[in-house]
Amino acid sequence: MVAAGTALIELVGVNKSFGDTRVLTDIAFAIRSNEFLTLLGPSGCGKTTTLRILAGFERPDSGDVRFEGASLLDVPSYKRRVNTVFQRYALFPHLDVFENVAFGLRLRKTPEKEVRKRVDNALRTVDLDGYGKRWVDQMSGGQMQRVAIARAIVNEPEVLLLDEPLGALDLKKRKEMQIELKDMQKHLGITFVYVTHDQEEALTMSDTIIVMREGVIQQIGSPTDVYNEPRNAFVADFIGESNILPGRMEQDYAIVFAGHAFPCVDVRRADPDVDVVIRPEDITLAAPTESGLNGRVASVVFKGVHYEMRIESDGFEWTVHSTDRADEGAAVGLSFDPEDIHVMDRSAHSPGAHGPTA
Ligand code: ATP
């Protein structure tokens, strides 16, 4: 969490409904200056609505949005020091690249010399030097996205709000633009609030990730935090592939799941029924042992860098990623280190809530 006093923007207890549908419940988080913060979650979880509240396009039903400590609720969107880049770039087809970028400055009757300087700077920043005279329909998707970003940064906002800005690009272009955007953010020193449903994109680019589900924040943390220490089964499942099993913990540093007892690094919590998450890359396959956790290889798929193997063990199918291949049908033993066993409170949506107990 961001320490009090260092926040550029704060959302405090924000609630929002559309008609009878509650879309955001008690949303609270802080954004630091120069931070790359990502709102991550499945479609419909309220990411865009949160962004629109920040931009001033929507008003919360209750709660507050503060910029440097002062409420923004009565500040109209055009007066906020934020700019938005949408997935659909909404460029003007009848204007060339230069005039698309200059549009906001022209509206504000900025002197011509200043317009030239700022547009040229913005185009240079997005690597479109010399493209000013091009028509936007002669540009590729990636280039159009850069024009849209140039159009936003030309206004020198303190905060850039980006709503799935790479959504229309193919995978390769997306990956390139992720790196470019991150570089751009560092070099411009602008705070980015980024919306995506793509966990890999969030992990690659962000300083802080906010995982949302059905209008409720599930976890706020750095990419390594949310990946390595997911707060619940939803986060674990959404951020990368996971093995999630019901477990039981009756004492410190020991846990029972999959019919076996394992040493772990956690202390017991109020409810002994917990969920256990083990990442596929943290599991080692070896020869089966008499007392260990054993299974049979159900399938093997080569994924480019590693093999993805499904291991059937006592009714549970483990996913294992390894650069070493085990043969389909082989009997194997599964092992993992105590620190790779992530213990979480059991949530209403976790497999343990419905599945068999340990
Ligand atoms: P996506 O990734 O699909 O854009 P999201 O996480 O950004 O999803 P929102 O766009 O914030 O989600 O929508 C949250 C919920 O609010 C959805 O169920 C959506 O249908 C609903 N919603 C959003 N805007 C309105 C509106 N103006 N009127 C009624 N319902 C709305």
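Residues numbered from 1 in each chain as written. Predicted model: local features only at pLDDT ≥ 70, side-chain atom pairs only at ≥ 80, totals over all residues. Heavy atoms only, no water.

Colleague: Quick question: what am I supposed to make of the environment of Pro-230 here?
Modeller: You can see Pro-230 is positioned in the loop between helix H7 (223-228) and helix H8 (233-238). Using a relative accessible area of 5% as the deciding quantity, one classes Pro-230 as buried. In the structure, Pro-230 is positioned 26 residues away from Thr-204 in sequence and 17 Å away in space, judged by C-alpha atoms. When residues no more than four places from it in sequence are discounted, the contact partners of Pro-230 are Gln-219, Asp-225, Val-235, Ala-236, Arg-279 and Met-344. (Helix = DSSP H or I, 4+ residues; strand = E, 2+ residues; numbered from the N terminus. Buried < 20%, exposed > 50% of the residue type's maximum accessible area, 1.4 Å probe, protein only. Contact = heavy atoms within 4.5 Å.)

Colleague: Looking at this model, I keep getting lost on the sheet that holds strand E10 (residues 216-221). Mind explaining?
Modeller: Working definition: the strands of a sheet are paired by backbone hydrogen bonds and lie parallel or antiparallel to each other. In spatial order, the strands read E6-E7-E8-E3-E9-E10; together these six strands make up an open sheet with mixed pairing. Every other strand in the sheet has two partners, leaving strand E6 (82-85) and E10 as the edge strands with one partner each. This sheet shows a mean twist of 15° between the axes of neighbouring strands, independent of strand direction. With four bridges joining them, strand E3 (residues 36-40) and strand E9 (residues 208-213) adopt parallel strand pairing. (Pairing = 2+ DSSP bridges. Axes fitted to C-alpha atoms, helices over the stretch in contact; angles between N-to-C directions.)

Colleague: Please clarify how the pairing of strand E17 (residues 307-313) should be interpreted in this entry.
Modeller: A regular strand places its side chains so that they alternate between the two faces of the sheet. The element E17 is extensively covered by neighbouring structure, given that five of its seven residues are classed as buried. Direction of pairing for strand E16 (residues 293-302) relative to E17: antiparallel, over a ladder of six bridges. Across the sheet, the residue bridging to Val-301 is Glu-308, located in E17. The hairpin turn running from E16 into E17, its antiparallel successor, is four residues long, and Gly-304 in that turn takes a positive phi close to 100°.

Colleague: Before we go on, may I ask you to explain the site of the ligand in this structure?
Modeller: Around the ligand, the surrounding shell consists of Phe-18, Val-23, Pro-42, Ser-43, Gly-44, Cys-45, Gly-46, Lys-47, Thr-48, Thr-49 and Glu-164. Residue Cys-45 places a main-chain N or O atom 3.0 Å away from an oxygen atom belonging to the ligand. Between the ligand and Lys-47, the relevant distance is 3.0 Å, taken from an oxygen atom to a side-chain nitrogen or oxygen of the residue. Coverage of the ligand by the protein amounts to 56% of the 630 Å² it exposes when considered alone. (Near = heavy atom within 4 Å. Polar contact = N/O pair within 3.5 Å; in protein donor to acceptor, adjacent residues only side chain to side chain. Areas by Shrake-Rupley, 256 points an atom, 1.4 Å probe, with all protein chains shown as cover.)

Colleague: Quick question: what am I supposed to make of the domain arrangement of the protein here?
Modeller: In many reports, interface size means the accessible area that the parts give up when they come together. Domain boundaries in the protein define domain 1 (7-228) and domain 2 (243-354). Here the C-alpha centroids of domain 1 and domain 2 sit 39 Å apart. On the domain 1 side of the interface with domain 2, the three residues burying the most area are Arg-213, Tyr-227 and Asn-228, jointly 96% of the side's total. Where domain 1 touches domain 2, the interface holds zero salt bridges. Broken down by element, the side of domain 1 that touches domain 2 gets its largest block of residues, three residues, from H7. Here the side of domain 1 that touches domain 2 is built from residues that sort into two nonpolar, one polar and one charged. (Domains from an automatic or database assignment. Buried area = accessible area lost by both parts, 1.4 Å probe. Salt bridge = Lys/Arg side-chain N within 4 Å of Asp/Glu carboxyl O. Nonpolar A, V, L, I, M, F, W, Y, C, P; charged D, E, K, R; others polar.)

Colleague: Would you mind showing me how to read the pattern of salt bridges here?
Modeller: Opposite charge on two side chains permits pairing when their charged atoms draw close. Here the structure, examined in full by the defined rule, presents 31 salt bridges. In this structure, Glu-176 and Lys-173 form a salt bridge, with 3.0 Å as the shortest nitrogen-oxygen distance. Highlighted residues: Glu-176 and Lys-173, both in helix H5 (residues 171-188), separated by three residues, approximately one helical turn. Given the relative accessible area of 33%, Glu-176 is considered partly exposed. Overall, Lys-173 belongs to the partly exposed group, its relative accessible area being 24%. Put simply, Glu-308 and Arg-310 hold a salt bridge, and the shortest N to O gap is 2.8 Å. A relative accessible area of 8% means that Glu-308 is categorised as buried. Ionic contacts of the salt-bridge type, sharing partners, join the residues Lys-16, Arg-52, Glu-58 and Asp-61 into one network.

Colleague: Help me out: how do you make sense of helix H4 (residues 141-153) in this one?
Modeller: Along an α-helix, a turn takes 3.6 residues, which lines up residues three or four apart on a common side. Helix length check: H4, at 13 residues, gives a terminal C-alpha distance of 19 Å against a target of 18 Å (1.5 Å per residue), a fit within 8%. Most of H4 is tucked away, with eleven of its 13 residues classed as buried. In this structure, the buried side of H4 is in contact with E6, helix H2 (97-107), helix H3 (112-125), strand E7 (159-163) and H5. (Expected span 1.5 Å × (residues − 1).)

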